[in-house]
Structure formats: C-alpha cells, structure tokens
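Take a look at the letters that make up each chain.
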Amino acid sequence: MQAIRDLADLIARHAPDEGMHRSQVPGMWLIRSDRTTEPLHVVHAPAVCIIAQGAKLVSLAGSDFHYDPAKFLVVSVDLPVTGCVTLASEEEPYLCLRVDLDPQMLAALDLELPGRPLPRARGAASARGLFLSETTPGLADVAARLVRLLEAPQDIPVLAPLLLKELHYRLLTGEHADVVRHIARGEGRMAQVTRAICWIKDNFNRPLSIERLAGDVGMSSSTLHEHFKSVTSMSPLQYQKQLRLQEARRLMLTGAKDAARAGHAVGYESSSQFSREYARFFGLSPGRDSTRLRQSQGGASLLQAMR
C-alpha cells in the first residue's frame, strides 16, 4: 500500500544510520538495519512495532512470530523475547517504527467509544501479551503522518498527541480490539498478571515466593501460574530467571561486572548454578559469550538494545 511505501521513505530519511533512534515525538523510535542480525535477547517494553520494509522474527518461550509490512507486532506487557532481522540489505534495509503503548491513553479512549460490549467479568480469560495483527491502510497512514512530523518539528507539541491518540484508537478498534480493551480497562486476570509482572521486574534479584505474590495480586497460586503462563508463555519463576540472565549479560557486556559478580548482582547465590543456567539459555558460558559479543557486530546492536 502507498502508506507503507511512504513510511519506508520517511524512516529511511530520518534514520540514515543503523540502530534504534529516539525521535522528537515522545515514545516514538525509528529502527534501521542494513543487514540481517543474529538473535538478540531483550526485555521488550509494551509497544507497537510497524515494519515498513524488511522482516523480523520474534520468539517468546519457544513460539515464533514472523512479521513484515503486512503484519505489525503489539507487546502489551514487559516480555523477555528473542528477536532477529531476517530480511535486510544495504539496498533495501530493514525499517521499522516503534511507538510505546500508553495504557492511560487507551483507557481514556475506551471510555469514549460507543457501545462497549466487552464483558467486564473479573474472571475473563487472559490473553497472550504479544500478538501480530494485520497492518491496515488506516494504521499505516497514521504511522506515516507521525514520522512526517519530524519534518516540521514546530508542529510536534500540538499534532503528535492527536496522532498518537489516533494510533491507539486504531488498536482499540482493530483486529484484536478485545485484547487491547482488556489492557485498557486494567481489570480482570490481565490486570492481575500485569501487577505480578511489575513486581517481578522491579524485584527480579530477590527471592520469589509464588504464594506471597499470588496473594498480593488477589489470586491463588495455581490461578496465578495458569494466567501468568497464558500471558507470557512462561511461569513466574521462568520469567524471573530470564530477567536475571539478561540483566547479568548486560552487566558483563557493558563492563560493569565480571561473570561472578554479575551472577551475584542479579540474585544467584551459587556461581556454578549461574554459569549452568546462563550457558543453557545463551548457548555459551558467561565469559565466552560476553567476549564473543564484544567482538561481533551483533554485540554493538545488543548494547544499543540494552540502553
């Protein structure tokens, strides 16, 4: 569609170099890669990612999500994922627009929408916190208009909030409106799981008591486990482990800690257990992995993704 071609031209113009570029529009990032990449492990914040050119693979707990200009990605909660660019070249680089999700904006819009038929039952089933949806002409058009604001920065303070509101409106009325509305309403199982995720994310280096966490978010242990896995595709303990390992990797890669100190900093009492779990997750021992990444092009990309 023409809007996607326009979006690609705009991103290429305003992101002439490889990497993830923060824009003047609040919460909007432009991403470019002139080559395919190795898998990078990151904790993906809630956001909408619209590819204008190229393709990407994102993996969540063994499930793969391939997307390109025909599909866009929505991440509704903080999730440890693996991602790699699968289609890119210097002639036709990978070009992507990322916009951070604003739950307050979604909630305000949801109140404005007429005839809100979604049931408000507290026990409503959880939805996976990551999904793909069809890129419609309307969504592509508002995405292109958002990036075009960079050509008239004096318009950003007035027009950016309106266009960001329109983008969130497209999500609330699109293919996965039911899932997005559960996010907007901040109720039911999705909201309880989100609170659990926030606690683990803020306290990943502390011992995790499932019973206490379940009580804090108003669930039984078994119900928390069931719905947490439905949203994140992993158990609370697996989620915590991935956060710990990714943070340890960041500490080593940035030179802040050596392997032993990094493991201790993220909550491991046993260095041998840390090394075993790190090697099982990343495929190499902590020392060998950090050395390899520092020497590779992928390491530079990973460093930027971690910032």
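Fair warning: this is a prediction, and the values are worked out from it, not measured in the lab.

Participant: Please set out the domain arrangement of the protein chain residue by residue, giving values where relevant.
Facilitator: Domain boundaries assigned for the protein chain yield domain 1 (1–183), domain 2 (188–233) and domain 3 (247–306). Domain 1 and domain 3 are separated by 29 Å when their C-alpha centres are compared.

Participant: Break down the pattern of salt bridges for me, citing the residues and quoting the values.
Facilitator: Within this structure, the stated rule accounts for 13 salt bridges. For the salt bridge of Arg35 with Glu18, the shortest nitrogen-to-oxygen distance reads 2.4 Å. Within this pair, whereas Arg35 is found in the loop between strand S2 (28–33) and strand S3 (40–44), its partner Glu18 is found in the loop between helix H1 (2–14) and strand S1 (19–22), the two being separated by 17 residues in sequence. Judged by its relative accessible area of 31%, Arg35 is partly exposed. Since its relative accessible area comes to 32%, Glu18 is described here as partly exposed. Taking the shortest distance from any N to any O, the salt bridge between Glu247 and Arg250 comes out at 2.8 Å. Note that Glu247 and Arg250 are positioned in helix H9 (residues 236–253) at a spacing of three residues, about one turn of the helix. Residue Arg250 is classed as partly exposed on the basis of its relative accessible area, which comes to 26%. Salt bridges sharing partners connect three or more residues here, namely Glu38, Arg249, Asp289 and Arg292.

Participant: How would you summarise helix H2 (residues 103–112) if you had to cite specific residues and measurements?
Facilitator: Listing the buried residues of H2 in full gives Met105, Leu106, Leu109 and Asp110. Taken end-on, H2 shows its buried residues confined to a sector of 135 degrees, consistent with a single buried face. Set apart from the buried face of H2 by more than 90 degrees, the exposed residues are Gln104 and Leu111. Regarding H2, its N-cap is Asp102, as a side-chain oxygen of that residue lies 3.1 Å from the backbone nitrogen of Gln104 further along.

Participant: Before we move on, could you go through the packing of H2 against helix H5 (residues 177–185) and cite the residues and values that matter?
Facilitator: To characterise two packed helices, one gives the angle between the axes of the helices and the distance between these axes. Two elements in contact, H2 and H5, have axes separated by 8 Å at closest approach and are oriented at 110 degrees. On the basis of their axis angle, the class for H2 and H5 is roughly perpendicular. Contacts between H2 and H5 pair Leu106, Ala107 and Asp110 from the former with Val180, Arg181, Ile183, Ala184 and Arg185 from the latter. For the contact of H2 with H5, a count of residues per class yields five nonpolar, no polar and three charged.

Participant: I'd like to hear about the sheet that holds strand S5 (residues 55–60), residue by residue, with values.
Facilitator: Overall, antiparallel pairing links the four strands, which are arranged S3-S8-S5-S6 in an open sheet. Where the open sheet ends on each side, the last strands, each with one partner, are S3 and strand S6 (63–67). Strand-to-strand twist in this sheet, taken as the mean axis angle between neighbours without regard to direction, amounts to 30 degrees. Pairing between S5 and S6: five bridges, direction antiparallel.

Reading guide: rules and limits
- Residues numbered from 1 in each chain as written.
- Predicted model: local features only at pLDDT ≥ 70, side-chain atom pairs only at ≥ 80, totals over all residues.
- Heavy atoms only, no water.
- Domains from an automatic or database assignment.
- Salt bridge = Lys/Arg side-chain N within 4 Å of Asp/Glu carboxyl O.
- Helix = DSSP H or I, 4+ residues; strand = E, 2+ residues; numbered from the N terminus.
- Buried < 20%, exposed > 50% of the residue type's maximum accessible area, 1.4 Å probe, protein only.
- Arc of directions from axis to C-beta.
- Polar contact = N/O pair within 3.5 Å; in protein donor to acceptor, adjacent residues only side chain to side chain.
- Axes fitted to C-alpha atoms, helices over the stretch in contact; angles between N-to-C directions.
- Parallel < 35°, antiparallel > 145°, perpendicular 65-115°, else oblique.
- Contact = heavy atoms within 4.5 Å.
- Nonpolar A, V, L, I, M, F, W, Y, C, P; charged D, E, K, R; others polar.
- Pairing = 2+ DSSP bridges.

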